[in-house]
Amino acid sequence: MRIKNTTVARVSPPAKGYSLHWDDDLTGFGLRVTAAGARSYIVESRVNGKTRRATIGKHGVFTADQARKIAKSKLGDMAKGIDLSAERKRLKTESVTLAKAVESYLSNRVTRAGLPLKDRTKADIRYHLRTTFPDWADKPVMGITREMIQRRYSDRARRSVAQANQAMRVLKGIMNYAAAQYRAPDGRRLIVENPVDVLRDASMLRAVKPKSSMVPLEQIGRWWSAVQAKRTDPAQTLASVAAADLVALLALTGLRVGEARALKWSQIDLDGRSLSLIDTKNRTDITLPLSEVAASVLQNRPNREGWVFPARSGKGHLKDVRGQLQILAEQTGINITAHDLRRTFRAVAAACNVELWRTKALMNHKQNDDVTLAHYTDLSDVRNLKPEADRIAGYFEEQRRILEGANGVKLTASQR
């Protein structure tokens, strides 16, 4: 038949599947009719020795005459060897936006252990998309160039080199994922080179001086005495005491603040002098020893159900201890962050001659620099390191006793 609006309307749907009807005048121009009555214009021709078919669009969206004109153009392209189906897939792939690539990355990316990314990691990646690359979210990921990377890095580094470096590390990972995931129909890479590599190639990456702040060893006694005074001050509110107890536990264990503040009593074994961490930053579970001093901090905590350090109001746990650390800074002149206490723990361990690998084990720190420890030693339960934990905690207490003895401070029963 000749495909016209009138003839298209008269075609009866098949009983099932679909039927094809070809135009008498334009070879390769056809109509596909489904059992449900849907009518679509199509073209079909041989491309590079293989039969290829492509859809023009639905009848109603296009008239028969409009479809015929488009068919002539598409058949001409196919005669030149252009595979329309492959071209459509290529264009669809090239239009994938950075935001869509990020969400695909977050859904499919796994760690080396084969585990999905942690929620905190996903939140950090979305944060950088929102703050460092907000105007790129709807841009095709294939269109991100080396020049764009250079300009954005230079701009963000003026504000914060550390944040700029982290954002580019995140983007590099996403671009590597996109290069592997989004390819041409024939399998060729559409992203041949990661554009973030320009920062390395052009020697643009700026160094960030590693943080080294902590409680100075010579000030441990004064600082720890102030912490203990806060913990035992009857004038303090329950929330303030909880924050002071959390600060004390961070110093005595070297825990990450996120791990410590989210502790539940179900993770604490006071009789066995241990605590358990589930799905840590390293994506492992670990059981750690509690020193006698750390156990005493927890033993004095009220309400042995739910969160060890409950929120000031409502449900949940304490979010941070910045307020308590600021008060301690005003009293002692020692201005530190919660993470600085992790460095303090490491320094005190060194002062107590605790071997580095044992210190790392107590801190649940990766042992990648030691193949034997990383691959042949079970560090998921290190309760056997309790003597080391007691030595470290004892250092804090000894320094406090020296200070308070020199100052003539009378200790309360709970401080002894």
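Procedures and definitions
Residues numbered from 1 in each chain as written. Predicted model: local features only at pLDDT ≥ 70, side-chain atom pairs only at ≥ 80, totals over all residues. Heavy atoms only, no water. Helix = DSSP H or I, 4+ residues; strand = E, 2+ residues; numbered from the N terminus. Expected span 1.5 Å × (residues − 1). Buried < 20%, exposed > 50% of the residue type's maximum accessible area, 1.4 Å probe, protein only. Arc of directions from axis to C-beta. Contact = heavy atoms within 4.5 Å. Axes fitted to C-alpha atoms, helices over the stretch in contact; angles between N-to-C directions. Left-handed = near helix turned anticlockwise from the far one by under 90°. Nonpolar A, V, L, I, M, F, W, Y, C, P; charged D, E, K, R; others polar. Core = buried A, V, L, I, M, F, W, Y, C linked by side-chain atoms within 4.5 Å. Pairing = 2+ DSSP bridges.

Caption draft 1: Up close: helix α6 (residues 146–157). In this model α6 runs 16 Å from its N-terminal to its C-terminal C-alpha over twelve residues, within 8% of the 16 Å that 1.5 Å per residue would give. For α6, the set of buried residues is Met148, Ile149, Arg152, Tyr153, Arg156 and Ala157. Buried residues of α6 fall within an arc of 145° about the axis and therefore sit on the same side. In the core, the buried residues of α6 are packed alongside α5 (119–131), α7 (161–181) and α8 (198–201).

Caption draft 2: Looking closely at the packing of helix α9 (residues 220–232) against helix α10 (residues 238–253). Relative to each other, α9 and α10 sit at 145°, their axes nearing to 8 Å. At the point where α9 passes α10, the crossing takes the left-handed sense. Note on element contacts: α10 touches α9 through Val241, Ala244, Asp245, Val247, Ala248, Ala251 and Leu252, opposite Trp223, Trp224, Val227, Lys230 and Arg231. Along the lines of polarity and charge, the residues of the contact of α9 with α10 split into nine nonpolar, no polar and three charged.

Caption draft 3: Spotlight on the nonpolar core. Counting 56 residues, the largest nonpolar core has Trp223, Trp224, Leu255, Ile268, Leu298 and Phe396 as the members making the most contacts within it. The element that contributes the greatest number of residues to this core is α10, accounting for nine residues. Beyond its immediate stretch of four places on either side in the chain, Ile268 contacts Leu263, Ser274, Leu275, Leu290, Leu298 and Val308. By size, the runner-up hydrophobic cluster in this structure holds 33 residues, among which are Ala101, Leu106, Leu129 and Ala179.

Caption draft 4: How the structure looks around the packing of α10 against helix α14 (residues 338–351). The contact between α10 and α14 brings their axes to 7 Å, and the two run at 35°. Of the residues in α14, those touching α10 at Val247, Leu250, Ala251, Leu252 and Thr253 are Ala338, Leu341 and Phe345.

Caption draft 5: Spotlight on the sheet that holds strand β2 (residues 29–34). Taken in spatial order, the four strands make up an open sheet running β1-β2-β3-β4, and their pairing is antiparallel. Edge positions in the open sheet fall to β1 (18–22) and β4 (50–58), since each of these has one partner strand only. In this sheet, neighbouring strand axes are inclined to one another by 30° on average, regardless of whether the strands run parallel or antiparallel. Relative to β4, strand β3 (residues 39–47) runs antiparallel, the two being bridged by eight bridges. The residue of β4 that forms the bridge with Ser45 is Arg52. Contacts from helix α2 (residues 64–79) reach β2, β3 and β4, with the element oriented near 20° to β3.

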